[in-house]
Amino acid sequence: MMLIEAAQQFPTVVFTIGLGICLIYWLFVLIGALDIDMFGDADISGAGKALGGGGHDIGDVAGAGKAIGHGGDHDLDVDGGGGLWSGLGLAKVPITISVSVIFLVCWCISLLAMHYLPDVIGPASWLGPTILPATLIVGLPIAGLLVRPLGGVFELREGKSNQDYVGHSVTVTTGTVDDGFGQGMVEDGGTVLVIPIRCDKAGLSRNDKALIIDFDTERQAYVVEPVTDMLLASPREGDTGQSA
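Please read these numbers as outputs of a predicted model, since none were measured by experiment.

### With respect to the packing of helix α6 (residues 95–121) against helix α7 (residues 127–147)
Consideration 1: At their nearest, the axes of α6 and α7 sit 8 Å apart, and the two run at 135° to each other. The pairing of α6 with α7 is recorded here as oblique in orientation. For α6 against α7, the interelement crossing comes out right-handed. In contact with Val101, Ile102, Val105, Cys106, Ile109, Ser110, Ala113, Met114, Leu117, Pro118 and Ile121 of α6, α7 contributes Leu127, Ile131, Thr135, Leu136, Val138, Gly139, Leu140, Ile142, Ala143, Leu146 and Val147.
Consideration 2: Among the residues forming the contact of α6 with α7, the class breakdown is 19 nonpolar, 3 polar and no charged.

Structure, rendered in structure tokens:
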């Protein structure tokens, strides 16, 4: 009971309300992530409309949870280009996580301050209004330190495009390769990929090596040339120095 009473005192109550909103938000996220059907197969649409006074069913609550739970990729980017928010490391994670951690840290700091400071400096009417901004000043850097290690989890990594594989060697995995059929195997940093390949020249068979020279968007396949043809096409050493 003492904790509940302390959480309802000013200025802790400000962070208590914010923390409660965050807990409700994450509850709906959990419902959406686990795909929980809170109301089973019961027909509650009529009751939902009667209670809501409109066209919104109670069952839409679960849908709202799914929408929130899958909305992590669309979080508002606050000061993502720089400034205080980025400087504190809070922009490295979605804003929903940053705000939740801020409210939790500030709630703990305010709770401890209102519990111990009156015994140190005595009762004072200015104590509460002073602790509120002081809690934010202290809590924001601490929250930034707590969420900063999570930045790598939410870092965007761009995948390779089709053109990035041009110049790579590929091993033929099908019996033959022509201008309309063929597959090959290419290694990319230890990962083995099986890709569609096409060759306008005959002569490629299983286990042959070929070089990717282009990606054909119409055929949705990589255009390859036999490695032997590419070597023969390159100038031999010393040829440029010979004259007729």
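Structure's up, so let's keep going.
### Quick look at the sheet that holds strand β5 (residues 221–226)
Sheets are built from strands paired through backbone hydrogen bonds, the pairs being either parallel or antiparallel.
Consideration 1: Taken in spatial order, the 5 strands line up as β1-β2-β3-β5-β4 and close into a barrel, and their pairing is mixed. Mean inter-strand twist for the sheet, computed between neighbouring axes without regard to direction, equals 55°.
Consideration 2: The pairing of strand β4 (residues 209–216) with β5 spans 6 bridges and is classified as antiparallel. Counted as the bridge partner of Phe215 is Tyr222 from β5.

### Quick look at the packing of aromatic side chains
Consideration 1: Per the counting criterion, the structure on display carries 3 aromatic pairs.
Consideration 2: When the centroid spacing of 4.8 Å and the interplanar angle of 65° are considered together, the rings of Phe215 and Tyr222 count as edge-to-face. In terms of burial, Phe215 and Tyr222 fall into one category: buried.
Consideration 3: Chaining the aromatic ring pairs together yields one cluster made of Tyr165, Phe215 and Tyr222.

Definitions and cut-offs
- Residues numbered from 1 in each chain as written.
- Predicted model: local features only at pLDDT ≥ 70, side-chain atom pairs only at ≥ 80, totals over all residues.
- Heavy atoms only, no water.
- Axes fitted to C-alpha atoms, helices over the stretch in contact; angles between N-to-C directions.
- Helix = DSSP H or I, 4+ residues; strand = E, 2+ residues; numbered from the N terminus.
- Parallel < 35°, antiparallel > 145°, perpendicular 65-115°, else oblique.
- Left-handed = near helix turned anticlockwise from the far one by under 90°.
- Contact = heavy atoms within 4.5 Å.
- Nonpolar A, V, L, I, M, F, W, Y, C, P; charged D, E, K, R; others polar.
- Pairing = 2+ DSSP bridges.
- Phe/Tyr/Trp six-rings, centres within 6.5 Å; stacked < 30°, edge-to-face > 60°.
- Buried < 20%, exposed > 50% of the residue type's maximum accessible area, 1.4 Å probe, protein only.

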